[in-house]
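# A closer look at the structure
Residues per chain, in single letters:
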Amino acid sequence: MIRLYITLSNGRRQIIGFKSAGDFVALDYGSTHRYSAQAISATELRSVPTAAFYAAAGKDPQFMLKLYKEVCKDLSHAQDLVVTIAKRDAEGSMAGFLLSIDARAAGRSAKGEFLSLPMLRGDVADYLGLTGETVSRIFTNFKKRGFIEVRGRHGIRLLNRRALGAISDRTAGDSEIQASESPRRPRRQN
């Protein structure tokens, strides 16, 4: 697993995505890269020079189709991140993140198995626009409510996808109404 990030002008880091086995890491154009990549677990990368990449893509329609699908997938993830940061409350952001990790791993593991979540909670916080403390509090809350089970530092199993989906579908405004009814519900913190 690797994290993709941008260092902002104030020196802070914004994680813009995570990539795992089989993913294209950088589909960039031009002479400068828009973001950086850093391994967060044992990683093997294959580097292809731009000219060779374009030559292969131009000769193989199947390769172009796969490339198109990867670009569409990246665009979809970017759009999901925009919705997460702009509209979801903190719990909704975390629930959506866990469901997306689960969906990405669905083809690689048996249903009900523990997933590897190798990124640090600070990475998750930087990705979702939350604080590390908020991420930890929500993890604890989700465990207490029986939505997830955590094993060790990196193992997680989703126990109640339906409840996580309902939380993910809430918007920040919905959360504020519920928060006034239940003051213990965590709110988004930056």
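## Focus: the overall build of the protein chain
Within the protein chain one finds seven helices and six strands. Residues classed as buried in the protein chain amount to 34% of the 190 residues present. Restricting to contacts in the protein chain with at least 6 residues of sequence separation, those with at least 24 account for 65%. Surface accessibility of the protein chain: about 11700 Å² in total, with carbon and sulfur atoms responsible for 53%.

## Topic: the packing of helix 1 (residues 50-59) against helix 2 (residues 61-87)
Running from N to C, helix 1 and helix 2 point in directions that differ by 110°, and their axes come no closer than 5 Å. With respect to each other, helix 1 and helix 2 are oriented roughly perpendicular. Contacts between helix 1 and helix 2 involve Phe-53, Ala-56, Ala-57 and Lys-59 from the former and Pro-61, Phe-63, Met-64 and Leu-67 from the latter. Here the residues of the contact of helix 1 with helix 2 are counted per class, giving seven nonpolar, no polar and one charged.

## A look at the sheet that holds strand 6 (residues 155-158)
Taken together, the three strands give an open sheet; going across it, the order is 4-6-5, and neighbouring strands pair in antiparallel fashion. Every other strand in the sheet has two partners, leaving strand 4 (115-116) and strand 5 (148-151) as the edge strands with one partner each. The sheet contact formed by strand 4 and strand 6 spans two bridges and is antiparallel. Its bridge partner lying in strand 6, Leu-115 is registered against Ile-156. Running at roughly 95° to strand 6, helix 3 (residues 90-105) makes contact with strand 4, strand 5 and strand 6 of the sheet.

## Concerning the pattern of salt bridges
Under the defined criterion, the tally for this structure stands at nine salt bridges. Residues Asp-23 and Lys-73 are paired through a salt bridge, measuring 3.4 Å at the closest nitrogen-oxygen approach. Separated by 50 residues along the polypeptide, Asp-23 in the loop between strand 2 (13-19) and strand 3 (36-39) and Lys-73 in helix 2 bring together distant segments of the chain. Overall, the relative accessible area of 16% leaves Asp-23 in the buried class.

## Structural notes on the sheet that holds strand 1 (residues 2-7)
The antiparallel open sheet is built from three strands, whose spatial order is 2-1-3. The open sheet terminates on both sides in strands that have one partner only, identified here as strand 2 and strand 3. Ignoring which end each strand starts from, the neighbouring axes of this sheet average 30° apart. Of the pairings in the sheet, the one linking strand 1 to strand 2 comprises six bridges and is antiparallel in character. For Thr-7, the partnering residue across the bridge sits in strand 2 and is Arg-13.

## Here we look at the environment of Ser-136
Tracing the sequence through the fold places Ser-136 in helix 5 (residues 132-144). Ser-136 sits in the partly exposed class, given a relative accessible area of 30%.

## Focus: the packing of helix 3 against helix 6 (residues 161-169)
Running from amino to carboxyl end, helix 3 crosses helix 6 at an angle of 130°, the nearest separation of the two axes being 7 Å. With respect to each other, helix 3 and helix 6 are oriented oblique. In this structure, helix 3 meets helix 6 at a crossing whose hand is left-handed. Residues Glu-91, Gly-92, Ala-95, Gly-96, Leu-99 and Asp-102 of helix 3 touch helix 6, and the partners they reach there are Arg-161, Leu-164, Gly-165, Ile-167 and Ser-168. Split by residue class, the contact of helix 3 with helix 6 holds four nonpolar, four polar and three charged.

## Thoughts on helix 6
Regarding helix 6, the residues found buried are Ala-163, Leu-164, Gly-165, Ile-167 and Ser-168. At its buried positions, helix 6 is contacted by helix 3, helix 5, strand 5 and strand 6.

## So, the pairing of strand 5
Bridging between strand 5 and strand 6 involves four bridges; their strand directions are antiparallel. Paired with Arg-151 across the two strands is Gly-155, which belongs to strand 6. Between the antiparallel neighbours strand 5 and strand 6 lie three residues, among them Gly-152 with a positive phi of about 65°.

Calculation rules
- Residues numbered from 1 in each chain as written.
- Predicted model: local features only at pLDDT ≥ 70, side-chain atom pairs only at ≥ 80, totals over all residues.
- Heavy atoms only, no water.
- Helix = DSSP H or I, 4+ residues; strand = E, 2+ residues; numbered from the N terminus.
- Buried < 20%, exposed > 50% of the residue type's maximum accessible area, 1.4 Å probe, protein only.
- Contact = heavy atoms within 4.5 Å.
- Areas by Shrake-Rupley, 256 points an atom, 1.4 Å probe, with all protein chains shown as cover.
- Axes fitted to C-alpha atoms, helices over the stretch in contact; angles between N-to-C directions.
- Parallel < 35°, antiparallel > 145°, perpendicular 65-115°, else oblique.
- Nonpolar A, V, L, I, M, F, W, Y, C, P; charged D, E, K, R; others polar.
- Pairing = 2+ DSSP bridges.
- Salt bridge = Lys/Arg side-chain N within 4 Å of Asp/Glu carboxyl O.
- Left-handed = near helix turned anticlockwise from the far one by under 90°.

Just geometry here; none of it tells us what the structure is for.
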